[in-house]
Amino acid sequence: MLMSQIVGGKKYMTSDYVFAISISTGMCLFLFTNPKNVNNNNAGEMTYYKLFDGLLVLALYLSFDSFTSNWQGKLFEKYKISTLQMMAAVNFYSILLTFTSLTEQGDLIPALKIVFSTPELVRDCFLLSLCSAAGQLFVFYTIATFGAIVFVTIMTLRQALAILLSCLIYGHALTAVAFIGIIVVFVTLFIQTFLKCRKNLMLCKRNKDERREKSGDKRSFVLNQ
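Note that the structure is predicted; figures quoted are calculated from it, not measured.

Cut-off values and rules
Residues numbered from 1 in each chain as written. Predicted model: local features only at pLDDT ≥ 70, side-chain atom pairs only at ≥ 80, totals over all residues. Heavy atoms only, no water. Helix = DSSP H or I, 4+ residues; strand = E, 2+ residues; numbered from the N terminus. Buried < 20%, exposed > 50% of the residue type's maximum accessible area, 1.4 Å probe, protein only. Areas by Shrake-Rupley, 256 points an atom, 1.4 Å probe, with all protein chains shown as cover. Salt bridge = Lys/Arg side-chain N within 4 Å of Asp/Glu carboxyl O. UniProt positions renumbered as here; feature names shortened; annotations may be inferred. pLDDT = per-residue confidence, 0-100. Contact = heavy atoms within 4.5 Å. Expected span 1.5 Å × (residues − 1). Axes fitted to C-alpha atoms, helices over the stretch in contact; angles between N-to-C directions. Parallel < 35°, antiparallel > 145°, perpendicular 65-115°, else oblique. Nonpolar A, V, L, I, M, F, W, Y, C, P; charged D, E, K, R; others polar.

Glancing now at the overall build of the protein. Each helix and strand in the protein was counted, giving nine helices and zero strands. Scanning the protein from its N terminus toward the C terminus, one meets helices and strands in the order α-α-α-α-α-α-α-α-α. Of all 225 residues assigned to the protein, the portion counted as buried reaches 16%. Surface accessibility of the protein: about 17500 Å² in total, with carbon and sulfur atoms responsible for 69%.

Structure below.
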C-alpha cells in the first residue's frame, strides 16, 4: 500500500491499513513461529552482519516486488495496454537480461550445449514455460482489472495456503501461535470481503432507488402535462 501511494498516488481508508496490518501480522506469526531443526553448532555462527545482510536482501526484495506490480498497474491505467502487450514487454527484457548475464559469465554456450544434448530438458523447459505463460496471463489480468492491492492479497493468501498444505501433507509441526496467525489471516480476508460486498450491495440499491425516483418524476411530469 505504501508503494501504491508512492507510485500511483492512491489514497486508502483507515480500514484498509488495519486490514493490511492484520494480514501482515498473521503471516508473520505463521511464518516465524514454526519450530525448526537448527543445529546448535551452526546456530552460533550467525552474526549480526549476516542478519543485517539477510534483512537488507529481504527489504530489497519486498521493495522491488511491490514496485513491480504497482508500476504495472500504473502502465495499464495510463497507456491502456493489454495483458499480452505487458507480458511481451516483460519477457523481452527478461530474455535480454538473462542473455547478458549468461554471456558476461561465459555460461551461454555450455547452457545451450546442455539443452540441445538433453531432450528431456527441452520438454520440461517447454512445459514450464507454457505454465509460466499461462500464469502470467492471470497475473497481468488481475493487476489490470482489480489493481495491485488485490493481486498482492491473492499472492499472500496463496503463499499461506501453500505453506499450510505443505505442513499438512508432509507432516510438519505447527505451533499454536502459527495456527493463530492462520486464523487471523483468513478472518481478516473474510471480514474485508464481507464489507466490500455489503458496500457494493448498498451502492447498487442506492442506484436503483435513484433511478426509480427519476423515472417517477418523469412520469409525474408527463401526467401533469
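Opposite charge on two side chains permits them to pair, given that their charged atoms come into close proximity. In total, this model carries one salt bridge according to the counting rule given. The partner of Arg123 in a salt bridge is Asp124, with the nearest N and O atoms 3.4 Å apart. With relative accessibility at 49%, the residue Arg123 sits in the partly exposed group. Residue class for Asp124 comes out partly exposed when judged on its relative accessible area of 39%.

What follows concerns the UniProt feature "transmembrane region" (unreviewed entry) in the protein. The UniProt record annotates "transmembrane region" (unreviewed entry) at residues 17–35, 47–64, 84–104, 125–154 and 160–191. Between the end C-alpha atoms of residues 84–104 the distance is 30 Å, and the span holds 100% helix and 0% strand. Taken end to end, residues 125–154 is 97% helix and 0% strand, and its two terminal C-alpha atoms sit 26 Å from one another.

Turning our eyes to something else, we now look at the confidence of the model for the protein. Per-residue pLDDT for the protein averages 80, and the proportion of residues at 70 or more is 87%. Here helix α3 (residues 40–43) stands out as the element of the protein with the lowest mean pLDDT, 48, in contrast to helix α5 (residues 83–105), whose mean of 93 is the highest. Segment residues 37–41: pLDDT under 50, and one contact once partners within four positions in sequence are set aside and those in other chains are kept.

Between its first and last C-alpha, helix α8 (residues 148–170) extends 33 Å over 23 residues, near the 33 Å set by a 1.5 Å rise per residue. All of the buried residues along α8 are Ala148, Phe151, Thr156, Ala160, Leu164 and Cys167. Following α8 by one or two positions, Gly171 has its phi on the positive side, about 70 degrees.

This part takes up unusual backbone geometry. In the Ramachandran plot, Lys80 falls in the positive-phi region, its phi being about 55 degrees despite a non-glycine side chain. Looking at the secondary structure, you find Lys80 in the loop between α4 (48–79) and α5.

Before going further, it helps to spend a moment on the packing of helix α7 (residues 119–146) against α8. At a closest axis distance of 7 Å, the pairing of α7 and α8 adopts a crossing angle of 135 degrees. Accordingly, the angle class assigned to the pair α7 and α8 is oblique. Where α7 abuts α8, its residues Val139, Thr142, Ile143 and Phe146 lie against Val150, Phe151 and Ile154. Its residues assigned to classes, the contact of α7 with α8 comprises six nonpolar, one polar and no charged.

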